[in-house]
Amino acid sequence: MSSIKIKSALISVFDKTGIEDIVKELHENNVTIHSTGGTEKHIKNLGIPVVPVEDLTFYPSILGGRVKTLHPKIFGGILSRRKDESDLQQIKKYEIPLIDLVIVDLYPFSQTVKDGGKEQEIIEKIDIGGISLIRAAAKNFEDVVIVPDRSFYSDLVSILKQKKGEFSLNERKRFAKEAFRVSSEYDHAIFNWYSDGYINDKENVLSLRYGENPHQKGTFHGNLNSLFDKVHGKDLSYNNLLDIDAAINLMQEFKNEKPTFAILKHNNACGLSTRDSLLLAYKEALAGDPISAFGGVLCANKEISLECAELMHNLFFEVIIAPSYSEEALAVLKQKKNRIILIQKEFFPTDYNVRSVLNGLLKQDRDNKTEKVDDLKIVSKNTPTETETEDLIFANKIAKHTKSNTIVLAKNKQLLGSGTGQTSRVDALKQAIQKAKAFNLDLDGCAMASDAFFPFPDCVEIANNAGVQSVIHPGGSIKDQLSIDFCDSVNMKMVISGTRHFKH
């Protein structure tokens, strides 16, 4: 059967936020609710009938809460295949209740690490029962719905309201896919903490041809096979890996966007465009700086087609990264024996960055902040149009991944020019303008993004003379108003994001 109707549910959540609407809908749909510990008490306090899991297992929560749901009466009810006669006979024999819906919110392991928790506290936040429930329910998606964290509560409530507890196979599959993503990210965070950084991984060490320069030795510590399938080309070099890292981190910003193509050189984007087709996105990315693209790293968020591959084949580049390629595209791209072709798998970056400094290491949280429309504060008299706002966010994403000081100019979701790694913001702006003009790119009406605030109005004055009409920067200077006043005097639009994105 393609649809199932929820009759019984198991709820085991660390954070009780948002659970009220769910249990009320389940109750109205006559769903039997089973729950554990604090979740059970919370549901009971809402006046909703709930069955403690202890009534099923005949075991209390033991070992300080480490063991609550790990029992055949629970997992049998989740993993039982409803169409398998042998399974159903055993369910009946051992009096195991079937469970159709599992709702989990895992222990906050990453947050505990981030908050500086002590080792034992962090270890106790490694969820065992919850992660097992997620994997079991996701495995049996043909018969069970899994809700793996709070971000899916609204979807669940919507289906419960609109369809009275009926879930299609496609819906169950979608939830299951997301459940394994949640599980994988959770386990990856735990692995990273136990490893105390990738440098301690003694098993996965890849010797490179050399380091940044031929006279330097180089190695990579980590498991590249978990990130890519390398289907063609020479061995990856130290510099290749730096560019690949920059490319996939940048493309993460456009993971769920329309077809997007990026070209990088020395860890900075020299071309990037979002279009309705990947072929057009490539053309527009290349147009942004066809000179710097020579010998670069190419990265796409969609499958590479034959038509796209044939056009790309005319350019000399070191590496191409994409989620997939047509067979015909691969045949074209493989004609260059040294060209590195990578198929990117799901990418789960670490929660932190590590760099060697002096006689030690610097470690910091990864910059995971990406500004959205709701984050922007309009400080000018004039309000950016919808198109201008899209370009501001587009340019800001690129600026976040460009070496500081940086200024990024963009229009119609195409990178027109960027100033990278400059010692002054004015120099970065002048470089960006010069780049765009060198390739006859029209700056009239374009957007400008800065990775940090403007200490003086000189940048917006220069930008205005070049044709810039809208500006995004983090703000925070005691002289912000000077730049705002200038924008107002020439009808430019300015928004403040509130977040600086230095990258050194």
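Residues numbered from 1 in each chain as written. Predicted model: local features only at pLDDT ≥ 70, side-chain atom pairs only at ≥ 80, totals over all residues. Heavy atoms only, no water.

1. Points about the overall build of the protein
The criterion, for reference: Only DSSP runs of H or I with at least four residues qualify as helices, and only runs of E with at least two residues qualify as strands; both kinds are numbered from the N terminus onward. It only takes one pair of heavy atoms within 4.5 Å for two residues to be counted as in contact. The Shrake-Rupley method, run with a 1.4 Å probe sphere, supplies the accessible areas, and residue values consider only the shown protein chains as cover. Charge assignment: positive for Lys and Arg, negative for Asp and Glu; neither His nor the chain ends contribute. By convention, charge coordinates are those of NZ in Lys, CZ in Arg, CG in Asp, or CD in Glu.
Across its full length, the protein holds 18 helices and 23 strands. Considered along the principal axes of its C-alpha atoms, the protein spans approximately 80 × 55 × 50 Å. Put simply, of all contacts in the protein between residues at least 6 apart along the chain, 57% involve residues at least 24 apart. Of the roughly 24900 Å² that the protein leaves accessible, carbon and sulfur atoms contribute 50%. For the protein, the separation between the mean place of its 64 positive charges and that of its 67 negative charges on side chains is 2 Å.

2. Details of the sheet that holds strand β6 (residues 145-147)
Rules: By definition, two strands form a pair when at least two bridges between them are found by DSSP. Interaxial angle, 0 to 180 degrees, is taken between N-to-C directions of lines fitted to C-alpha atoms, where a helix line uses only the stretch in contact.
Read from one edge to the other, the open sheet built from 5 strands follows the order β4-β3-β2-β5-β6, with strand pairing classed as parallel. Where the open sheet ends on each side, the last strands, each with one partner, are β4 (51-52) and β6. In terms of strand pairing, strand β3 (residues 32-35) meets β4 through 2 bridges, oriented parallel. Of the residues in β4, the one forming a bridge with S35 is P52. The strands touched by helix α9 (residues 153-163) are β2 (8-13), β5 (101-105) and β6; relative to β5, the strand with the most contacts, the crossing angle is about 155°.

3. Thoughts on unusual backbone geometry
Rules: Buried, partly exposed and exposed residues are distinguished by accessible area as a fraction of the type maximum, computed with a 1.4 Å probe on protein chains only: under 20%, between the cut-offs, and over 50%, respectively.
Omega for the peptide link from S404 to N405 comes to -10°, which places this bond in the cis form. At H266, a position not held by glycine, the phi torsion is positive, near 50°. Of note, H266 is situated in the loop between β11 (260-265) and β12 (268-274). Overall, H266 belongs to the exposed group, its relative accessible area being 64%. Located in the positive-phi region is N412, a residue other than glycine, with phi close to 50°. As for its placement among the helices and strands, N412 is situated in the loop between β19 (407-411) and β20 (414-419).

4. Comments concerning the environment of C308
When you line up the elements, C308 lands in helix α13 (residues 306-312). With a relative accessible area of 0%, C308 lands in the buried category. C308 has contacts with F261, L278, L279 and Y282, leaving out every residue within four places of it along the chain.

5. Structural notes on the nonpolar core
Test applied: Think of a nonpolar core as a cluster: buried Ala, Val, Leu, Ile, Met, Phe, Trp, Tyr and Cys residues, connected wherever their side-chain atoms sit within 4.5 Å.
Among the nonpolar cores identified, the biggest contains 53 residues, and I78 and I103 are the most heavily contacted of them. For this core, the elements supplying multiple residues, two or more each, are β2, α1 (19-28), α4 (72-79), β5, α8 (129-139), β6, α9 and α10 (169-195). Per element, the largest residue contribution to this core is 7 residues, and it comes from α10. Ignoring any residue separated from it by four or fewer positions in sequence, one finds I78 in contact with L10, I99, V102, L133, A136, A137, N140 and V144.

6. Overview of the packing of aromatic side chains
Quick reminder of the rule: Aromatic rings from Phe, Tyr and Trp, taking only the six-membered ring of Trp, are treated as a pair when their centres fall within 6.5 Å; an angle between ring planes under 30 degrees marks them as stacked, one over 60 as edge-to-face, and anything in between as tilted.
All told, the structure shown has 7 aromatic pairs when counted by the stated rule. Both rings, one in F14 and one in Y107, keep their centres 5.9 Å apart while their planes meet at 75°; by these two values the pair is edge-to-face. With F14 in the loop between β2 and α1 and Y107 in the loop between β5 and α6 (109-114), this pair connects stretches of sequence that are 93 residues apart. When its relative accessible area of 38% is taken as the criterion, F14 is described as partly exposed. Judged by its relative accessible area of 25%, Y107 is partly exposed. With 6.4 Å between their ring centres and 70° between their planes, F167 and F175 make a pair best called edge-to-face. Each member of the pair, F167 together with F175, is buried.

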